[in-house]
Amino acid sequence: MARDSRGRTAELLTVRQVLDELGGISRRTFYRWRELRLAPACIRLPNGELRVRRDVLNDWLEERAEGVAS
């Protein structure tokens, strides 16, 4: 497991888990968002698979919440 900025263990989500968390968006949509730099930041593992830290996904969702003052 990865560590967050405070040294705590951070949960790493697979792309499938992220897609499910986002209401079942398609894999193609997620990768398109990555191309456009709109997706949450990912970690590429040595085997080429992607992971998204839980805290990064939560922050990414918060930033997109409507009605949030910036």
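Structure first, text after, so check above.
Residues numbered from 1 in each chain as written. Predicted model: local features only at pLDDT ≥ 70, side-chain atom pairs only at ≥ 80, totals over all residues. Heavy atoms only, no water.

## A few points about the pairing of strand β5 (residues 50-53)
Along any regular strand, the residues point their side chains to alternate faces of the sheet.
Here's step 1: Residues Leu 50 and Val 52 of β5 are buried on one face, and the alternating residues Arg 51 and Arg 53, pointing to the opposite face, are buried as well.
Here's step 2: Direction of pairing for strand β3 (residues 12-14) relative to β5: antiparallel, over a ladder of three bridges. For Leu 13, the partnering residue across the bridge sits in β5 and is Val 52.
Here's step 3: Note: strand β4 (residues 43-44) against β5, two bridges, orientation antiparallel. Considered in β5, the bridge of Ile 43 is made with Arg 51. (Buried < 20%, exposed > 50% of the residue type's maximum accessible area, 1.4 Å probe, protein only. Helix = DSSP H or I, 4+ residues; strand = E, 2+ residues; numbered from the N terminus. Pairing = 2+ DSSP bridges.)

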